[in-house]
Amino acid sequence: MTALVPVYYLTEAAARALRTSSATFGPSPAALGYLVAVAVIVTLLTAWPAAALGCGIPLAAAGAVFALDLNAALGVAGSLPWAREGGLPWSQPNGVPWAELTEPPGTMAGMTGLYTIIGALLVLSALLPGRLRSVLGR
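Residues numbered from 1 in each chain as written. Predicted model: local features only at pLDDT ≥ 70, side-chain atom pairs only at ≥ 80, totals over all residues. Heavy atoms only, no water.

I would appreciate a short explanation of a nonpolar patch on the surface in the present structure.
On the surface, a nonpolar cluster with roughly 490 Å² of combined accessible area is contributed by L32, V36, V40, L44 and W48. Tracing the sequence through the fold places L44 in helix 2 (residues 29-45). (Patch = residues over 30% accessible without salt bridge, like charges linked within 9 Å, V, L, I, M, F, W, Y side chains within 5 Å. Areas by Shrake-Rupley, 256 points an atom, 1.4 Å probe, with all protein chains shown as cover. Salt bridge = Lys/Arg side-chain N within 4 Å of Asp/Glu carboxyl O. Helix = DSSP H or I, 4+ residues; strand = E, 2+ residues; numbered from the N terminus.)

See below:
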C-alpha cells in the first residue's frame, strides 16, 4: 500500500509532462524520468503478489472511476493531500504549481487510462503462477 502514493503521483506527473510537451511540440525528458521511476516501482512490486495487489487494486479502481464517472473521480481526487495546493507534494524547479487549482492530481493520468493500465498489470502479475512472475522474485 505504501507504494500506491508514489506510483499515483509519479504517474500523474508523467501525464502532465507529456501533456505539456505535446502542447508545446517539444521533448519531455521529465515525463520519461517519471515513467521510468514508476516502472522501477512496479517491477519491484511484481516480485511480491500481496504488494502488487495492494497497489494494483486501488489504481485499477481509480482508473475505473475516472472512466465511468469523471465528476465523482474529480471530487475524490480533489480531496487527496496536495490537491488544494494545486499539484504534487514537491514543487517544480521554477516554483510554478504542477496543476491548475481546478484540476486536482489524478486527472490527467486517470483520464488517459494510465491508472487502469498500471493497476491491471499489477493485479495480473499477482495472479500469475510463481514461475511467470518478475525475475526479481527468483
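Explain helix 1 (residues 4-24) to me, please; I cannot follow it from the model alone.
Owing to its 3.6 residues per turn, the α-helix brings residues three or four apart onto one side. With 21 residues, helix 1 should cover 30 Å at 1.5 Å per step; its first-to-last C-alpha distance of 30 Å lies within 8% of that length. At the exit of helix 1 stands F25, carrying a positive phi of roughly 55°. (Expected span 1.5 Å × (residues − 1).)

What's the story with the pattern of salt bridges in this structure? I'm lost.
Opposite charge on two side chains makes pairing possible when the charged atoms of those side chains draw close. Scanning the model with the defined rule gives one salt bridge in all. Ionic pairing is found between R16 and E12, a salt bridge with its closest N-O pair at 2.6 Å. With R16 and E12 both in helix 1, this residue pair falls four residues apart, about one helical turn. In terms of burial, R16 and E12 fall into one category: buried. (Buried < 20%, exposed > 50% of the residue type's maximum accessible area, 1.4 Å probe, protein only.)

Would you mind showing me how to read unusual backbone geometry here?
Most of the time, phi is negative for any residue but glycine, and the peptide bond is trans. Positive phi, close to 55°, is recorded for F25, a residue that is not glycine. Position of F25 among the secondary structure elements: in the loop between helix 1 and helix 2. By relative accessible area, which is 79% here, F25 ends up exposed.

What exactly am I supposed to notice about the environment of T116 here?
The topology assignment puts T116 in helix 6 (residues 114-127). You can call T116 partly exposed: its relative accessible area is 32%. C-alpha of T116 to C-alpha of V65: the two residues are 51 residues apart in sequence and 9.6 Å apart in space. If near-sequence neighbours (up to four positions away) are discounted, T116 is found in contact with L59, A60, G63 and A64. (Contact = heavy atoms within 4.5 Å.)

Help me understand the packing of aromatic side chains, please; the structure alone is not making it clear to me.
Note on aromatic pairs: each is described by the distance of the centres and the angle between the planes. Inspection of every chain in the model, using the stated rule, returns two aromatic pairs. Taken together, a centroid distance of 5.3 Å and an interplanar angle of 85° make the contact between Y8 and Y9 edge-to-face. Among the residues examined, Y8 registers a relative accessible area of 10% and is labelled buried. Taking relative accessible area as the criterion, Y9 reaches 4% and is therefore assigned buried. Summarising the aromatic geometry, the rings of Y8 and Y115 are spaced 4.7 Å apart at their centres and angled 5° between planes, so their arrangement reads as stacked. Taken together, the positions of Y8 in helix 1 and Y115 in helix 6 put the pair 107 residues apart, joining distant regions of the chain. With respect to burial, Y8 and Y115 carry one shared label: buried. Through pairs of rings, three or more aromatic residues link up here, namely Y8, Y9 and Y115. (Phe/Tyr/Trp six-rings, centres within 6.5 Å; stacked < 30°, edge-to-face > 60°.)

Just to check I follow, could you spell out the packing of helix 1 against helix 2 for this structure?
Each pair of packed helices can be described by the angle between their axes along with the distance between the axes. One way to put it is that helix 1 packs onto helix 2 with a least axis distance of 8 Å and a crossing angle of 155°. By the criterion of interaxial angle, the relationship of helix 1 to helix 2 is roughly antiparallel. For the element pair helix 1 and helix 2, the recorded crossing hand is left-handed. From helix 1, P6, V7, L10, T11, A13, A14, A17 and L18 reach across to helix 2, where they touch A30, A31, Y34, L35, A37, V38 and I41. (Axes fitted to C-alpha atoms, helices over the stretch in contact; angles between N-to-C directions. Parallel < 35°, antiparallel > 145°, perpendicular 65-115°, else oblique. Left-handed = near helix turned anticlockwise from the far one by under 90°.)

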